Amino acid sequence: MMLKALGRHPLRAPVLALAALSIGLAGCGGGGKPKKDVAYVARDVDTLYITAKQRLDAGDSKQAAALFDEVERQHPYSPWARRAQLMGAFSYYVARDYAKSVQAAQRFLSVHPGNKDAPYAYYLVALCYYEQISDVRRDQKDTKQALDALTEVIRRYPATQYATDAKLKLDLVNDHLAGKEMEIGRFYEHSGKFLAGTIRFRNVVDKYQATSHVPEALYRLVESYLALGIPEEAQKAAAVLGNNYPGSEWYERSFKLMNKKAPGTKAI
């Protein structure tokens, strides 16, 4: 039930998908060194796409994204346009321009909802929100969007590698959301707003049961219920804590607090 440490390797799946998207590129034009900025110069589709790919391979992801956009703009009915849309979304992701990456991926999905690369597009959207998860002291809008997007990947494509990775990333997402609830709950508790605090702590216990914040949330419930003068509820929270985390620091503190503040009740 405790949260496991998760390594974040967001580029692994995108790189695999990028390789798949690039199949067939070699047979569509010549090589050579990347030319200067041709984003706004009309060129044949093969040369434009290859130049974009060369820029991406060279590490110039911003320029690559602009060039992939040009493929779509200048040659919207070419078979390359569909591929360029997703390659552009990936290039924006690599450049950490997550807003444009999301826009490009969603545009691809709106035009090609049943395409074989649709699972990757959904996954890329989720990654963009995931990469923007911030410290729990900040607003968690991106974290909630990551939760929704990762859940959508799992719901739509449960048998894919993207769903497998999305499930792992949900652990971190839920831990952040639980951490935010704890931060707000502790603020209310320290401000003497114990009822408001219990609502936040209950959210952690009820909605984020698999996170590392649950033992502390149960202890904070014991504290808050005792402060509110309802030791029976404090006893229930302490009992849940004792049954599920008998060796934890939070249970030891709960046991001592119950004996001190409500000696007529039992912590277990």
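Residues numbered from 1 in each chain as written. Predicted model: local features only at pLDDT ≥ 70, side-chain atom pairs only at ≥ 80, totals over all residues. Heavy atoms only, no water.

1. Details of the confidence of the model for the protein chain
Then step 1. Across the protein chain, the average pLDDT comes to 83, with 81% of residues at 70 or higher.
Then step 2. A low-confidence stretch, residues 15–35 stays under pLDDT 50, and its non-local contacts, those more than four residues away or across chains, total 31 contacts. (pLDDT = per-residue confidence, 0-100. Contact = heavy atoms within 4.5 Å.)

2. Brief notes about the environment of Lys167
Then step 1. As for its placement among the helices and strands, Lys167 is situated in helix 8 (residues 161–190).
Then step 2. Overall, the relative accessible area of 47% leaves Lys167 in the partly exposed class.
Then step 3. Each C-alpha atom, one on Lys167 and one on Thr151, is 8.0 Å from the other, the two residues being 16 residues apart in sequence. (Helix = DSSP H or I, 4+ residues; strand = E, 2+ residues; numbered from the N terminus. Buried < 20%, exposed > 50% of the residue type's maximum accessible area, 1.4 Å probe, protein only.)

3. Some remarks on the packing of helix 8 against helix 10 (residues 214–227)
Then step 1. Their axes nearest at 11 Å, the elements helix 8 and helix 10 cross at an angle of 20°. In terms of orientation, helix 8 and helix 10 fall into the roughly parallel class. As for how helix 8 packs across helix 10, the hand of that crossing is left-handed. On helix 10, the residues that touch Met182, Arg186 and Glu189 of helix 8 are Glu216, Ala217, Arg220, Glu223 and Ser224.
Then step 2. For the contact of helix 8 with helix 10, a count of residues per class yields 2 nonpolar, 1 polar and 5 charged. (Axes fitted to C-alpha atoms, helices over the stretch in contact; angles between N-to-C directions. Parallel < 35°, antiparallel > 145°, perpendicular 65-115°, else oblique. Left-handed = near helix turned anticlockwise from the far one by under 90°. Nonpolar A, V, L, I, M, F, W, Y, C, P; charged D, E, K, R; others polar.)

4. Focus on a nonpolar patch on the surface
Then step 1. There is a patch of nonpolar side chains on the surface, built from Leu195, Leu228 and Ile230 and spanning about 250 Å² of accessible area.
Then step 2. Within the element layout of this structure, Leu195 appears in helix 9 (residues 194–207).
Then step 3. By relative accessible area, which is 57% here, Leu195 ends up exposed. (Patch = residues over 30% accessible without salt bridge, like charges linked within 9 Å, V, L, I, M, F, W, Y side chains within 5 Å. Areas by Shrake-Rupley, 256 points an atom, 1.4 Å probe, with all protein chains shown as cover. Salt bridge = Lys/Arg side-chain N within 4 Å of Asp/Glu carboxyl O.)

5. As for the pattern of salt bridges
Then step 1. This model, assessed by the stated rule, comprises 16 salt bridges.
Then step 2. A salt bridge links Glu152 to Arg156; its shortest N-O distance comes to 2.6 Å. Remark: Arg156 and Glu152 occur in helix 7 (residues 141–156); sequence separation between them is 4 residues, near one turn of the helix.
Then step 3. With relative accessibility at 38%, the residue Arg156 sits in the partly exposed group.
Then step 4. Among the ionic pairs, Asp206 bridges to Arg202, the shortest N-O distance being 3.0 Å.

6. Describing the nonpolar core
Then step 1. Counting 72 residues, the largest nonpolar core has Phe68 and Val222 as its most contacted members.
Then step 2. No other element matches helix 6 (residues 118–130), which puts 12 residues into this core.
Then step 3. Non-local contacts of Phe68, meaning those with residues more than four positions away in its chain, are made with Tyr49, Ala52, Lys53, Leu56, Ala84, Met87, Gly88 and Ser91. (Core = buried A, V, L, I, M, F, W, Y, C linked by side-chain atoms within 4.5 Å.)

7. A closer look at the side chain of Lys180
Then step 1. Locating Lys180 in the fold gives a position in helix 8.
Then step 2. In this structure the side chain of Lys180 is engaged in a polar contact, spanning 3.2 Å, whose partner is the side chain of Glu183. (Polar contact = N/O pair within 3.5 Å; in protein donor to acceptor, adjacent residues only side chain to side chain.)

8. Quick word on helix 4 (residues 79–94)
Then step 1. If you check helix 4, its first and last C-alpha atoms are 24 Å apart, about what 16 residues at 1.5 Å a residue would give, namely 22 Å.
Then step 2. Among the 16 residues that make up helix 4, 12 are buried, leaving the element largely enclosed by the rest of the structure.
Then step 3. For helix 4, the complete set of buried residues consists of Trp80, Ala81, Ala84, Gln85, Leu86, Met87, Gly88, Ala89, Phe90, Ser91, Tyr92 and Tyr93.
Then step 4. If you check the start of helix 4, you find a side-chain oxygen 3.0 Å away from the backbone N of Trp80, and it comes from Ser78. (Expected span 1.5 Å × (residues − 1).)

9. Some points on the packing of helix 11 (residues 231–244) against helix 12 (residues 249–261)
Then step 1. Where helix 11 contacts helix 12, the two axes come as close as 10 Å, and the packing angle between them is 150°. When the axis of helix 11 is compared with that of helix 12, the two are roughly antiparallel. The handedness of the crossing between helix 11 and helix 12 comes out as left-handed. Contacts between helix 11 and helix 12 involve Pro231, Ala234, Gln235, Ala238, Leu241 and Gly242 from the first element and Trp250, Tyr251, Ser254 and Met258 from the second.
Then step 2. For the contact of helix 11 with helix 12, the residue count by class is 7 nonpolar, 3 polar and no charged.

10. Remarks on the packing of aromatic side chains
Then step 1. For the structure shown, the criterion picks out 9 aromatic pairs.
Then step 2. Note on Tyr122 and Tyr157: the rings are 5.9 Å apart at their centroids and 50° apart in plane angle, and the pair reads as tilted. Within this pair, whereas Tyr122 is found in helix 6, its partner Tyr157 is found in the loop between helix 7 and helix 8, the two being separated by 35 residues in sequence.
Then step 3. According to the relative accessible area criterion, Tyr157 is buried, its value standing at 16%.
Then step 4. On the numbers, 6.0 Å between centres and 55° between planes, the contact of Phe187 with Tyr188 is tilted.
Then step 5. Judged by relative accessible area, which is 52%, Phe187 ranks as exposed. (Phe/Tyr/Trp six-rings, centres within 6.5 Å; stacked < 30°, edge-to-face > 60°.)

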